[in-house]
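Letter by letter, the chains look like this.
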Amino acid sequence: MLKHYITQALRSFWRFRVTALVNLLGLSLALVCFVATYLFLDSVLQTGDRAFKNASRTYVLTQELWTTPTNRMIPAFPQVGPPTAKYLRADLPALEAVARAASLGPIAAATDDRSVYLDAAAVDPDFLKIFDLKPLEGDLREALSSAHSAIITASAAMRLFGTKQVVGRPVLLQNRSEVTIAAVIDALPAGSHMGEAATQGMLRFGILLPMDLLKTFNSSGAFGFLSDPDSNNWGNDVYLTYVLLPSNGSVTLPLLQETLRALPSRHIAKDQIISVFGAVPLVRVKLATLEAFFSSSHISLTTTPFLLDTLILIIACLNYANLTVAIATTRAREIGMRKVLGASQPHLMRQYLVEAGLLGGVALILVFVGTALVVPAVNRTFGLEFHVASLLQPQLWGLVLLLLALISLVGGAYPALVLSRVRPVESLRAGTVRAGPRFVPTILVGVQFAAASFLLVVALLISAQNHLLQRLALNPGRDPVVVINNDIRQIGVSFDSLRNELLRDPHIKSVSGAITPPWQSGGSHQTMRRSSDPRAATMVTMMNFVFYDFFQTTGIKIVAGRNFDRQHADEFSWDPSKQRGAPSVIIDRALTAQLGWSNPEQAVDHTIFMASPWDPNDPGHAVHVIGVAENGYPRLVGPNADSNLYLVTSLGASVPYIRIAREDIPAALAHIDAVWKTLVPKVPMRRSFSDELFNISYEDYAAMSGVVTGLSACAFVIAIMGLIGMAIHITSRRLHEIGIRKTLGATARGVVLMLLRDFSKPVLIANLVAWPFAFFLGRLYYNMFTHHADISIWPFVLSLAITVAVAWLAVGAQALRAASVKPALVLHAE
Amino acid sequence: MITLRNIRKDYRTDNLETAALADVSLQIDAGEFVAVMGPSGCGKSTLLNIVGMIDSPTSGEYLFCGQDVARWPESRLVDLRKRNLGFIFQSFNLIDDLTVYENIELPLLYQNAPRAHRKARVREVLELVDLLPRARHKPAQLSGGQQQRVAVARAVVTDPKLILADEPTGNLDTRNGEEVMGMLDILNQQGATILMVTHSHEHAARAQRIVSMVDGRIATQTHVTRQSPAAEAARA
């Protein structure tokens, strides 16, 4: 009997080959989306960390920061404050190892004849116990025992020395600290969260330094936000802290988590920010970071793409069911005859399930081939590095097979169930039969279009947000801003000297600085209050340490009050003896509104307070608002804060920002290069345009935008193919009716309009149903960003116009053909 | 073999109720060849459908081999149908995607007959209807007469107790019609019970009994002089 089912299925596919092709392509496309998403997330999961010997026992600590018991300021990033490791070791001495690692970013490394930039990280000694790095030269056991030793990767050694035999050789770091190479290690596992290929925000390094050396850098003001590794600053959550559970099982994960939960009550003073600690497995550390960034919008990086894929699979499944029923109703006489000849309901159901299964099998082959073909394009578009070999994961294909089986069951079961109930006498008499309620095909088409419309609106909203970000960052009408990505304080360059030399050239318009380069995500969060009353409402803002002339250099307008200036000695000092009166701050428009002022002028000359709301008696630290700036600090994602407060401090003179004349960019760059070479000949300069840094930070969001747009396009294609298939069948079934209408005087145009109207109704309703969901998801996405667009009506209107236009195009050809039929032919055949 | 008592069949739409059969009682003995005649809309095809268990009566009794099947569910009827009945339709109702061989084989497949038996039996009936060379052809490649012969072969392949023919010659020319009637004669002579609906008096005259229907009722029943040996034995 199986042979009969298969034979019948193949012949049926050939007879209704257009519909079979539509179903096949729809299913395959949906599954390709699923496989691509799986591979994309697999790369995000950085499964390279599995290669470490102790990976299964290694966890990374996370820390959430709360300003009050009900207000979470920072979600659970896998980075914690510096004292966490020390206290955890004390509380759980049975842990096999606890080690911190701090990313220092690129630092200048020089030998006698060469100087390059190497990504550096500082680590505790236990780091080498946790991670089995592969030594090529030297002894790892003692490699970081001295504060002035270092471990270098083989490729970094080649860049710096031109050889891998470098044990015992000195390197000058940041123009002032000398270290000696103690060991050379092989490359880290591909896809690991650490190493030279690690992505931004992870532990990228070409050279590993002892944690003690960090104090040397830190004493002059560390790069970024790193505080002294020995400090008790729980809020400085920038240390990756690894924990290795003992192999004898004496410390389990639940025990570790319990100890972490109790850590704050045991060790954190009540006047410090509220912390909540947790742990994630090593292999999920990058995912945990990305999830934390997106957590303010409640968008999960793992769940959301798969939800979108599920939507597309549902569309494909509904397509399949709808079209199969449509075909089957034209096979009604055959079905009736089979029942007359003795086919039972199970026989007929098996027939349709076999057809669905066969189609699914062909789809599986197409999916494999299709994904292999798509991988290079995906890599190029999103800057990823999938390998076709990654398609051979058994768990992936197990999932795909399961999905196919489900789709076959669901997609084949509905038609099978409905048609097996058809009474033979009805089908033999009429030749066709209505299978199931009349509204079901319309609803199925409507659901498909609702899903497609939802995805289209979301894609348009994301695109609008991305355009806004690009407009903010990449304004070709403005003078470009060049960023020198060196911490000049660490390499001993005087900001004033640099500034003065740069400004000698007329191509240099303005020089300022900030503590970090532009377009980083994250930063220093600060809780603010309008009054000193600890019970007053608070809001969280981003605190930005900048230098004089920051606003004119970056092009952010001051809209009320005044700018920072040297005459007013606006520089903020952490040393109270040096600080006269309340420090001067500039706030942006968003913070002005959050503090309750309806226009910026009202905020000027007022005092506001930096608060520690976890301390109920804290009156706050008063600051004086001297001006209000336009929104637009160059940051992508807070998280959890979309306003800004600016302070001028010496830390702001760390990373120079230089505004140059757009009329002669090469001349300006040449002058900058020349000045640098004069001031710091031994340290190569890392300069970038601000928009280049934007593009690097923006990659992930561009990728997400691309993913959603791609999924929308796929959903659309599937829905349209389904509509075409339905149009073919419905119009052929209505030929008799059309013949009669034309006999009675209807014109071809009138018939076309009638058919188009009928097909448009489910599309229109689908849009209305989809809009609220799309609006909700769009808002969640927008809330992630420091700068976000307003949700306008245009994406919704555009989605409606596109879906209706595409539906008309898809159906139009069929409608025209049906309307052109000669009545005599149709009525005579009847 | 077949007893119908007070069979009624009504068709209901939203606004209208039509009695297709009204109070029909009929008995058919094993081995009989019965023809049903009447004007269009008199209920003869409805009668055939009810006897063939592909439609169910609104009321009344239908005894098939002593069992009252009038209220049986479809699942039980399917089983009874495939073991005992064979159908021949005016429009042949062959399955276009299947070859001649496969069309004839289909009832045996639904009975889960072993492969060897299916092969032998299909070959046998193909020879009976003289279509063995066309076994691999599709219905679209055959003439009307050939298609109906395939339908006849399909109807008899399971060796049914009763063959139901609904205007089997209606779409055929005279020569082909004669051929099909000849086959029915042979089958009846071999012992098959046949109930045939026809518009043709000439073809009806080949039966042993002619049942005339008007407006959903049996008007007359006329016995024709010719008896099949099997019918005679049954009467005895």
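The structure presented is a predicted model; accordingly, all values stated were derived computationally and were not measured.

Chemist: Is there a simple way to explain the packing of aromatic side chains in this structure?
Modeler: We describe a pair of aromatic rings using the distance from one ring centre to the other and the angle between the two ring planes. Residue and element names in this part refer to chain A. The full count for this structure, using the stated rule, is 19 aromatic pairs over all chains. Considering the side-chain rings of Phe 127 and Tyr 242, the 5.8 Å spacing of their centres and the 70° angle between planes classify their relative orientation as edge-to-face. Within this pair, whereas Phe 127 is found in helix H4 (residues 127-130), its partner Tyr 242 is found in strand S12 (residues 240-244), the two being separated by 115 residues in sequence. Like Tyr 242, Phe 127 is buried. A ring pair is formed by Trp 234 and Phe 277, whose centres lie 5.8 Å apart and whose planes are at 65°; its orientation type is edge-to-face. One end of the pair, Trp 234, is in the loop between helix H6 (211-218) and S12; the other, Phe 277, is in strand S13 (residues 274-281), with 43 residues separating them in the sequence. Comparing Trp 234 with Phe 277 shows no difference in burial state: the two are buried. Lying over the aromatic face of Tyr 117, Arg 686 brings its terminal NZ or CZ to 5.3 Å of the ring centre.

Chemist: What should I look at first to understand the sheet that holds strand S8 (residues 193-197) of chain B in this one?
Modeler: Two modes of strand pairing occur in sheets, parallel and antiparallel, and in both the strands are linked by backbone hydrogen bonds. Residues and elements named next belong to chain B. With respect to topology, 6 strands assemble into an open sheet ordered S6-S7-S8-S3-S9-S10, the strand pairing being mixed. Of all strands in the sheet, those with a lone pairing partner are strand S6 (85-89) and strand S10 (217-223), marking the two edges. Shown here is a sheet whose adjacent strand axes are inclined to one another by a mean of 15°, direction ignored. The pairing of strand S3 (residues 33-37) with strand S9 (residues 209-214) spans 4 bridges and is parallel.

Chemist: For this particular structure, what's the right way to read the interface of chain B and chain A?
Modeler: Often, the extent of an interface is quoted as the loss of accessible area upon association of its parts. Each partner contributes to the interface: chain B provides 25 residues, whereas chain A provides 23 residues. Carbon and sulfur atoms supply 58% of the area buried between chain B and chain A, which totals about 2,200 Å² over both sides. Contact with chain A buries area across many residues of chain B, yet Ile 54, Asp 97 and Tyr 110 of chain B alone supply 31% of it, more than any other trio. On inspection of chain B and its partner chain A, the count reaches 2 salt bridges. With a closest N to O distance of 2.3 Å, Arg 11 of chain A and Glu 102 of chain B form a salt bridge. In terms of residue count, the dominant contributor to the side of chain B that touches chain A is helix H3 (residues 100-110) of chain B (5 residues). Residues of the side of chain B that touches chain A, tallied by class, amount to 11 nonpolar, 5 polar and 9 charged.

Chemist: I keep staring at the pairing of strand S6 (residues 149-153) of chain A and nothing clicks. Help me out?
Modeler: Residue and element names in this part refer to chain A. Most of S6 sits out of view: 5 of its 5 residues are buried. Sheet topology places S6 next to strand S8 (residues 177-185); 5 bridges connect them, and they run parallel. Within S8, the residue paired with Thr 153 across the bridge is Ile 185.

Chemist: Please explain a nonpolar patch on the surface as it appears in this structure.
Modeler: On the surface, Ile 365, Phe 368, Val 369, Leu 373 and Leu 392 of chain A cluster together to form a nonpolar patch covering roughly 510 Å² of accessible area. By the element assignment, Ile 365 of chain A lies in helix H11 (residues 345-382).

Chemist: Would you mind going over unusual backbone geometry with me for this structure?
Modeler: Most peptide bonds adopt trans geometry, and most residues besides glycine take a negative phi value. Even without a glycine there, the phi angle at Asp 605 of chain A is positive, about 70°. Topologically, Asp 605 of chain A is positioned in the loop between helix H17 (589-594) and strand S20 (607-611). The residue Asp 215 of chain B is not glycine, and still its phi comes out positive at about 50°. Among the secondary structure elements, Asp 215 of chain B is positioned in the loop between S9 and S10. The class of Asp 215 of chain B is exposed, set by a relative accessible area of 65%.

Chemist: Hey, could you run me through the pairing of strand S14 (residues 481-484) of chain A in this one?
Modeler: All names here are of chain A. Along S14, one buried face is formed by Val 481 and Val 483 and the opposite face, lined by Val 482 and Ile 484, is buried too. Where S14 meets strand S23 (residues 655-660), 3 bridges bridge the pair, whose relative direction is antiparallel. When the bridges of S23 are listed, Val 481 appears paired with Arg 659.

Chemist: Is there a simple way to think about the packing of helix H21 (residues 748-782) of chain A against helix H22 (residues 794-819) of chain A in this case?
Modeler: When two helices pack together, their arrangement is given by the angle between their axes and by how far apart the axes lie. Residues and elements named next belong to chain A. Look at H21 against H22: their axes get within 8 Å of each other, and the N-to-C directions meet at 155°. Considering their axes alone, H21 and H22 lie roughly antiparallel with respect to each other. For the crossing formed where H21 meets H22, the hand is right-handed.

The rules we used
- Residues numbered from 1 in each chain as written.
- Chains lettered and ligands numbered in written order.
- Predicted model: local features only at pLDDT ≥ 70, side-chain atom pairs only at ≥ 80, totals over all residues.
- Heavy atoms only, no water.
- Phe/Tyr/Trp six-rings, centres within 6.5 Å; stacked < 30°, edge-to-face > 60°.
- Helix = DSSP H or I, 4+ residues; strand = E, 2+ residues; numbered from the N terminus.
- Buried < 20%, exposed > 50% of the residue type's maximum accessible area, 1.4 Å probe, protein only.
- Lys NZ or Arg CZ within 6 Å of the ring centre and 35° of its normal.
- Pairing = 2+ DSSP bridges.
- Axes fitted to C-alpha atoms, helices over the stretch in contact; angles between N-to-C directions.
- Contact = heavy atoms within 4.5 Å.
- Buried area = accessible area lost by both parts, 1.4 Å probe.
- Salt bridge = Lys/Arg side-chain N within 4 Å of Asp/Glu carboxyl O.
- Nonpolar A, V, L, I, M, F, W, Y, C, P; charged D, E, K, R; others polar.
- Patch = residues over 30% accessible without salt bridge, like charges linked within 9 Å, V, L, I, M, F, W, Y side chains within 5 Å.
- Areas by Shrake-Rupley, 256 points an atom, 1.4 Å probe, with all protein chains shown as cover.
- Parallel < 35°, antiparallel > 145°, perpendicular 65-115°, else oblique.
- Left-handed = near helix turned anticlockwise from the far one by under 90°.

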